[in-house]
2 protein chains.
Amino acid sequence: MATERIASWAVDLSYASLPPEVIQAAVNSFYNWVGCALGGAKHPTTTIACEALAPFFGKPTSTLLGHKGAAGERALTDASHAALINGIASHVHDYDDTHLATIIHPTGPVASALLAQAEALGGVKGEDFIVALVAGIEAQCKLGLGVWPKHYDIGWHITSTVGSIGAAVAVGKLMRLQRTPMQHAISIAATQVTGLREMFGSDTKSFHVGRAAQNGLLAAVLAARGYTGSLQAIEAPRGWARVVSVSNDVDGQVATLGQVWEIAANAFKPFPCGIVVHPIIDACIQLHHEMADAGFTATDIARVHARVHPLVLELTGKKTPQDGLQAKFSVYHGGAVGLVLGKAGPAQYDDSVVLRAEIIQLRDKISATADETLGADETEVTVNLGDGTTMKKHIQHAVGSLEVPMTTAQLEDKFIDQVSPVLGLQGAMRASKACRAIQDAKSVTELVKEI
Amino acid sequence: MATERIASWAVDLSYASLPPEVIQAAVNSFYNWVGCALGGAKHPTTTIACEALAPFFGKPTSTLLGHKGAAGERALTDASHAALINGIASHVHDYDDTHLATIIHPTGPVASALLAQAEALGGVKGEDFIVALVAGIEAQCKLGLGVWPKHYDIGWHITSTVGSIGAAVAVGKLMRLQRTPMQHAISIAATQVTGLREMFGSDTKSFHVGRAAQNGLLAAVLAARGYTGSLQAIEAPRGWARVVSVSNDVDGQVATLGQVWEIAANAFKPFPCGIVVHPIIDACIQLHHEMADAGFTATDIARVHARVHPLVLELTGKKTPQDGLQAKFSVYHGGAVGLVLGKAGPAQYDDSVVLRAEIIQLRDKISATADETLGADETEVTVNLGDGTTMKKHIQHAVGSLEVPMTTAQLEDKFIDQVSPVLGLQGAMRASKACRAIQDAKSVTELVKEI
């Protein structure tokens, strides 16, 4: 039932049937994914995978985003390895999108597979890319909701376990699979259950996202040639849902396909650190600008105090971080860069910034107390200036939440911040412009040349 | 504890420390695997995978067993795809080896990865190949025993789920990984949990074996470059064992590494059909020879009656099979080819044999009754000849069981039967000779050229 329902819904989906807000959410999701994939292209986790697997690279049809060949040209590999490597890169900074109801990062597995295969096929229109992206993300989030939270609790990395299936649906849609082969594609993807939470904190966490992309691509490519799995892969007594979760409501969730759009509830991280720090950073950046308007700078600050949800101190209470990775777990660093620099992008988590004197000095002036009456994305920050002035900022919902989504300008700032170190500012702006309009692209292959 | 124990045991294992019966079991396992991989090379399930994935094929270092290039030369691909395709081929006829305590088919995932990587590395000695094969098979069977039977009951295809890890240990051993990277290799393999039993009866069942080989190879290759997973991948509170099974005794099983050798309990199928039919076939082949010695042929037979374990009729009671696949589920066809032809290899399951008049005539003279007092691998077959003579054969344990293992001559007959249709009789004999002596090979790369 669920397998057939997902397949027939995806097969029938058309661009004309997508509500405008779904198209916009898909474009934003793709755009944010490209920024993350470029931003992670030079991370050691990506580099090791690239070097280790180079002997396996096949026909060069698909772009390794942000990589260059020996002569400075765009680096290409086969679609399967492009899916893997771009998938790893897009998740390695933990800066990608989040379907908050399931904490799935939905675009990584799906877009990594889809872009790689779109380039391999050639001549794919932006509209068709968007439809396939939506089909894959909807399928994966519905399955995720169907097994949430038991599946995650037992120890599965839900982004990649459902991501394999989402990627198969997306690539299958791009390849115009009919219903039965689409069911087999779902099946071949479902049998490759990749991702244990035990790997969090290691290179293998982002590998999961790349491997899920590869699993799904492989499944669709095999199914397109007539390879068979089970037509009831998801719902059978020994099918995916029962094997990977002690209880599930997959049928109930799948029934809402096309009625409740999950991609419209996809959120984007404004800051490359744990989500619990986001309210403080949001408050401190706003205070930075308000202080500037009033003629103050960070050197005028005497004391800062934040009331925060108890989880903030439990997860990110590190007082004296020594490098960028530790700083991701320091609410004090997040507040300090917000107040001093008015930004908290990847550059503000560079080791050199973490050890800069003015950041350390302000960091040491910040205190925080837990307050159980606050929401998880709520905070109140009070700044006492040396001249006796007090400034306060209450954040009800942090930027990047569903209530206060990132604005287009904020998304673009994030993209440019991530991409400039890889492509240069001019290159980043060119890539940004191309990706913001993917829905209108005549050819995704041509669009990628702008990246 | 289990992760570290498997890794350090595998790292320390040496050829000199292997008991002679373990070396012989490893050689037999490899030999039987080569026969199955060659025998399955032209199966449609293998062909589809090969054609669908050809665009992804990389640097041609490793042999696609039984495949030819355009000019009739051995076909090569990258190690990862060779592992996948040879793995699929080796399992597609359900004719491979069985670790009876767990019904794992252990050599498929491990040897498929190992041979492919041995060719990619070059200069691997037969001794080193055997040590790596043993390390991988022991690791995978201990883990299998550790989660058996709950893991299988819930719906996991245990051959491939533990096979990924076995393949990683084997390839890691071949690449001389030290303890910590070997733990990471185990970890990266463990996170790729491939294989749902729901896929049984489809192309995807044998895909599991190939994908497990590929998963493990990928894990070892990444770990060799410093890629990290979890050092407690197997035993952590949210590690592999707890996520894939509701209970486990992994620590207890792993503690017996090097004391109880699982590979010594690896059995080989003498006939390409369900194991419950094997006692009848065994009896009928013996009766064929005894009749011949007494001057009778199958045309002299009036009636045949078999007493069998009840499962035989439940699983293989098909009276009038119409093709080779159906014949695998017919105890009557199995008995008929045994009596008429004195053999029951793949050729005797060809569609043309199933529909041959003399086979059908004898098949219709066979009756069977269930007898609960018999063991699962026990039978008694009575043949009444037209002249009033009666011949009986009681089988206590079928050939291929641990009590009556296949003899060297039977293993060689099986190999030649499978390989001749692919390589011709001369080629099959040459391959047989080379593979029987792999432990003495100076170079596995040179050995493969004989196949």
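What counts, and at which threshold
Residues numbered from 1 in each chain as written. Chains lettered and ligands numbered in written order. Predicted model: local features only at pLDDT ≥ 70, side-chain atom pairs only at ≥ 80, totals over all residues. Heavy atoms only, no water. UniProt positions renumbered as here; feature names shortened; annotations may be inferred. Salt bridge = Lys/Arg side-chain N within 4 Å of Asp/Glu carboxyl O. Helix = DSSP H or I, 4+ residues; strand = E, 2+ residues; numbered from the N terminus. Buried < 20%, exposed > 50% of the residue type's maximum accessible area, 1.4 Å probe, protein only. Phe/Tyr/Trp six-rings, centres within 6.5 Å; stacked < 30°, edge-to-face > 60°. Lys NZ or Arg CZ within 6 Å of the ring centre and 35° of its normal. Core = buried A, V, L, I, M, F, W, Y, C linked by side-chain atoms within 4.5 Å. Contact = heavy atoms within 4.5 Å. Pairing = 2+ DSSP bridges. Axes fitted to C-alpha atoms, helices over the stretch in contact; angles between N-to-C directions. Least-squares fit on C-alpha atoms with pLDDT ≥ 70 in both.

Going by an unreviewed UniProt entry, chain A carries the name 2-methylcitrate dehydratase and comes from Mycena pura. Note on chain A: under the UniProt heading Sequence similarities (unreviewed entry), the record states "Belongs to the PrpD family."

**Concerning the pattern of salt bridges**
Inspection of every chain in the model, using the stated rule, returns 30 salt bridges over all chains. In this structure, the salt-bridge partner of B:Arg225 is A:Glu51, at a minimum N-O distance of 3.6 Å. You can see B:Arg225 sitting in the loop between α10 (203-224) and α11 (240-244) and its partner A:Glu51 sitting in helix α3 (residues 44-53), one on each of two chains. For B:Arg225, a relative accessible area of 46% corresponds to the partly exposed category. A salt bridge links A:Glu290 to A:Lys393; its shortest N-O distance comes to 2.7 Å. One end of the pair, A:Glu290, is in helix α13 (residues 278-293); the other, A:Lys393, is in strand β9 (residues 390-395), with 103 residues separating them in the sequence.

**Examining the UniProt feature "domain: MmgE/PrpD C-terminal" (unreviewed entry) in chain A**
According to UniProt, the "domain: MmgE/PrpD C-terminal" (unreviewed entry) feature falls on residues 271-429 of chain A. The span residues 271-429 of chain A is 45% helical and 16% strand by assignment, and the distance between its end C-alpha atoms comes to 20 Å.

**What about the packing of aromatic side chains?**
By the definition in use, this model includes 13 aromatic pairs over all chains. The interplanar angle of 35° and the centroid separation of 6.0 Å between the aromatic rings of A:Phe30 and A:Trp33 together place this pair among those described as tilted. With A:Phe30 and A:Trp33 both in helix α2 (residues 20-39) and three residues apart, this pair spans about one turn of that helix. As far as burial versus exposure is concerned, A:Phe30 and A:Trp33 are alike and both buried. Taking 4.4 Å as the distance between ring centres and 10° as the angle between the ring planes, the aromatic pair formed by A:Tyr31 and A:Phe415 counts as stacked. Within this pair, whereas A:Tyr31 is found in helix α2, its partner A:Phe415 is found in helix α19 (residues 408-436), the two being separated by 384 residues in sequence. A single burial state applies to A:Tyr31 and to A:Phe415, both of which are buried. An aromatic cluster of three or more residues is present, and its members are A:Phe30, A:Trp33 and A:Phe129. Sitting above the plane of the B:Tyr152 ring, B:Arg197 keeps its charged end 3.9 Å from the centroid.

**A look at the nonpolar core**
Counting 306 residues, the largest nonpolar core has A:Leu18, A:Ile234, A:Trp240, B:Leu18, B:Ile234 and B:Trp240 as the members making the most contacts within it. Filtering out sequence-adjacent residues up to four positions away, B:Ile234 remains in contact with B:Ala2, B:Thr3, B:Leu143, B:Ile165, B:Ile186, B:Ala190, B:Gly239, B:Trp240, B:Ala241 and B:Val250.

**Considering the sheet that holds strand β6 (residues 301-308) of chain B**
Residues and elements named next belong to chain B. Strand order in the open sheet formed by four strands is β7-β6-β8-β9, and the pairing between neighbours is mixed. Edge positions in the sheet fall to β7 (366-370) and β9 (390-395), since each of these pairs with one other strand and no more. Each adjacent strand pair in this sheet contributes to an overall mean axis angle of 15°, direction not counted. Here β6 runs beside strand β8 (residues 379-385); their pairing, made up of seven bridges, is antiparallel. Within β8, the position partnered with histidine 305 by the bridge is threonine 382. This element, helix α13 (residues 278-293), spans β6, β8 and β9 of the sheet and lies at about 140° to β9.

**What to know about the environment of A:Val134**
With respect to the helices and strands, the residue A:Val134 is situated in helix α6 (residues 126-147). Residues A:Val134 and A:Ala116 lie 18 residues apart in sequence; the distance between their C-alpha atoms is 16 Å.

**Let's talk about the relation of the copies chain B and chain A**
Overlaying chain B on chain A yields an RMSD of 0.1 Å, the required transformation being a rotation through 180° with an accompanying axial translation of 0.0 Å. The operation mapping one copy onto its partner corresponds to a two-fold rotation axis. In terms of C-alpha distance to the rotation axis, chain B has B:Gly58 as its closest residue, with the C-alpha 2.0 Å off the axis. Mapped onto chain A, 100% of the interface residues of chain B again fall at the interface, so both copies present the same surface.

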